[in-house]
2 protein chains.
Amino acid sequence: MSKDGEPAFAGADWGTSRFRLWLMDRAGNVLAERRSDDGLDASRTNGFSQVLEGHLAAVGAPADLPVVVCGMAGSRQGWMEASYVDIPADPAAILAASARIIDTRRDIRIVPGLAQQGARPNVMRGEETQLLGLVHGKPGFSGLVAMPGTHSKWVYLEGGKVSRFATYLTGELYALLCNQSILRHSIGQDADGIDADHPGFSAGLALALAPDFSLLGTLFEIRAAMLLDGQSEDAAAARLSGMVIGTEAADARAKAPAEIKTVQLVASGRMERLYRKALGAAGFDCETIDADDAVRKGLHAAAAGLWFSRKETTA
Amino acid sequence: MSKDGEPAFAGADWGTSRFRLWLMDRAGNVLAERRSDDGLDASRTNGFSQVLEGHLAAVGAPADLPVVVCGMAGSRQGWMEASYVDIPADPAAILAASARIIDTRRDIRIVPGLAQQGARPNVMRGEETQLLGLVHGKPGFSGLVAMPGTHSKWVYLEGGKVSRFATYLTGELYALLCNQSILRHSIGQDADGIDADHPGFSAGLALALAPDFSLLGTLFEIRAAMLLDGQSEDAAAARLSGMVIGTEAADARAKAPAEIKTVQLVASGRMERLYRKALGAAGFDCETIDADDAVRKGLHAAAAGLWFSRKETTA
């Protein structure tokens, strides 16, 4: 049995476009870290096992160190499919459904995603691991978690189990509008540099949070404002960002039960600032959970559930 | 002065990707027609004058026949900019602002677009000509006009003048989602084949017309329905089409004054059927105006206003 400060496992967040790995001890302390662009496409070409072993060797991981993986590596287009687990499911049930890579040297598991069956079908893959970490730190947690991103997730937890969730296409739609739509002529290259203190972001939020706002019916005004008023490219990007994030925030607030005042916001850096401002404007209080930290805590919670007794790891 | 049945002018609808020209007599009867892919890009390369003269020669137009042009040929990136006219503007004011191409042989005019200044900036270019035709046929018309397309216009007219309008990015967003977004994996190649009788279209409409519907928060379910329920590609496309057109229809209905029951729907073919169904489901009655016919009537109204006395042409 490893001690604190000695490698107990490695955890990897393996997504479509990036790969991150942490060497951790049994208490979840990070001993070494790797970040690379070895996403799914690169890994399919080079071999998933080779990519992983290369990173493990680089951090000096022992040959028999167990590895837990989350993210799109567990999708049908990934390394090995870890089939979605239907909600509600508690952490033990999620981990019991992890996929095991056949490997003679080490125990490698992929955490499955979660599925919401029925009239509002939905899936998540990757976020469930961050939620494992959240529940590990707050056993039996009930409440609302906002996880902004390309496909933002809004997750209701009850007694430590995911009870329902929704996905907003916010990040992807923003990128499509900035780069592929008629609005690209008005936005330029500044789309990813917008921060929460830009007055255009506040203006976009104010529009989106007003009664009867229609995103579909307002987007074109970004172009018209450039043609008629000479609106600058960064003002256009900021306004658009405020409009799309504000639309997400307003809808999430409208759909949340009134007794829910506080949201756990899983985000970092600029994204955290944008969403904290938007959620605040929509009427939520935010408790921020750093997104990277949430992934690491989730991978540690998964390792603890898979390989260590719970008693030993939650000190 | 030309008689009925003799060429009196040519009218061209010159857009970003296509060119259409009609040879017409003074009463607006079509004597000959041309359709081609000579949109702005092709015409910039080959020369706007050369492209136009080629089509005029093909229909045997006399060397001194006047020509009226509408569409993006009048934009800054087109042949010659015909600056936007601020609303409200009556037909005479719009035509007075047309741009005149310097040409020794013929009188060539480009109809200007319309601009809505202020807090809800908006522009149209091309649709104003269809509206000229509508008002020519219904002098002093007051009411609501829906003009579906890549950028759908909803136009309020009062006493024959455009009083305000909105743009919905419906067609462009649908194409982006089908071809560029994560949803493309669920939709395949059938996106443009959806018709109004597809049950998926009705299902999408029903979703969009329900209270508290959020397009941004529902789009991803198209993907989840494929992953979890094996939703077919054409069902996904139909559902998406119903969701985006339904979002436009629901918002337009919510914003229209209650006393407005009827919409003039300027559309043709499949698009007309999709929108008639959506607008009906949202609570509007529709009077269809064929979109091609509206352009021709608009170009004729413009020619009548520019060159013929009104008395001679409205029989």
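Residues numbered from 1 in each chain as written. Chains lettered and ligands numbered in written order. Predicted model: local features only at pLDDT ≥ 70, side-chain atom pairs only at ≥ 80, totals over all residues. Heavy atoms only, no water.

This part covers the domain arrangement of chain A. Residues and elements named next belong to chain A. Entries for chain A in the domain assignment read domain 1 (1–121) and domain 2 (126–314). Centre-to-centre, using C-alpha coordinates, domain 1 lies 25 Å away from domain 2. Every contact between the two is made by 38 residues of domain 1 and, on the other side, 25 residues of domain 2. Here domain 1 meets domain 2 over a buried area of about 2500 Å², counting both sides, of which 72% is carbon and sulfur. There are two salt bridges connecting domain 1 and domain 2. Of the charged contacts, one joins Asp 292 and Arg 35 as a salt bridge, the two residues approaching to 2.7 Å between their closest N and O atoms. Secondary-structure elements contributing two or more residues to the side of domain 1 that touches domain 2 are strand S1 (9–14), strand S2 (19–24), strand S3 (30–36), strand S4 (67–70), helix H3 (91–96) and strand S8 (114–116). Per-class residue counts for the side of domain 1 that touches domain 2 are 23 nonpolar, six polar and nine charged. (Domains from an automatic or database assignment. Contact = heavy atoms within 4.5 Å. Buried area = accessible area lost by both parts, 1.4 Å probe. Salt bridge = Lys/Arg side-chain N within 4 Å of Asp/Glu carboxyl O. Helix = DSSP H or I, 4+ residues; strand = E, 2+ residues; numbered from the N terminus. Nonpolar A, V, L, I, M, F, W, Y, C, P; charged D, E, K, R; others polar.)

Moving on, we get to helix H4 (residues 127–137) of chain B. Most of H4(B) is tucked away, with 10 of its 11 residues classed as buried. Where H4(B) is concerned, the buried positions are Glu127(B), Glu128(B), Thr129(B), Gln130(B), Leu131(B), Leu132(B), Gly133(B), Leu134(B), Val135(B) and His136(B). (Buried < 20%, exposed > 50% of the residue type's maximum accessible area, 1.4 Å probe, protein only.)

Two aromatic rings are characterised by how far apart their centres lie and by the angle between their planes. Within the structure shown, the criterion is met by 12 aromatic pairs over all chains. Every member of this aromatic cluster is reached through a ring pair, and the members are Trp14(A), Phe19(A), Phe48(A) and Trp79(A). Across the ring face of Tyr84(A), the terminal group of Arg125(A) is positioned such that the distance to the ring centre comes to 4.5 Å. Taking NZ or CZ as reference, Arg164(B) lies 3.9 Å from the ring centre of Tyr156(B), over its face. (Phe/Tyr/Trp six-rings, centres within 6.5 Å; stacked < 30°, edge-to-face > 60°. Lys NZ or Arg CZ within 6 Å of the ring centre and 35° of its normal.)

Okay, the interface of chain A and chain B next. In this assembly, 42 residues from chain A lie in contact with 42 residues from chain B. Buried surface at the junction of chain A and chain B, both sides included, amounts to about 3700 Å², of which 65% is carbon and sulfur. On the chain A side of the contact with chain B, Leu216(A), Phe220(A) and Leu228(A) bury the most area, a combined 20% of that side's loss. Taken together, the connections running from chain A to chain B amount to two salt bridges. Where Arg120(A) meets Glu221(B), a salt bridge forms, and the shortest distance between an N and an O atom there is 2.9 Å. Inspection of the chain A/chain B interface yields 10 residue pairs in polar contact (both at pLDDT 80 or more). Elements that contribute at least two residues to the side of chain A that touches chain B include exactly S8, strand S9 (122–124), strand S12 (161–168), helix H5 (170–179), helix H8 (220–229) and helix H9 (233–255) of chain A. Residues of the side of chain A that touches chain B, tallied by class, amount to 20 nonpolar, 12 polar and 10 charged. (Polar contact = N/O pair within 3.5 Å; in protein donor to acceptor, adjacent residues only side chain to side chain.)

Quick look at the pattern of salt bridges now. Considering all chains together, one arrives at 34 salt bridges over all chains under this definition. A salt bridge links Asp293(B) to Arg296(B), with the shortest nitrogen-to-oxygen separation between them at 3.6 Å. In this pair, Asp293(B) and Arg296(B) both sit in helix H11 (residues 291–307), three residues apart, roughly one turn of the helix. On the basis of relative accessibility, which here comes to 27%, the residue Asp293(B) falls in the partly exposed class. Under the relative-accessibility criterion, Arg296(B) is labelled buried at 18%. Several salt bridges converge on common partners, so that one network encompasses Asp13(A), Arg20(A), Glu33(A), Arg35(A) and Asp292(A).

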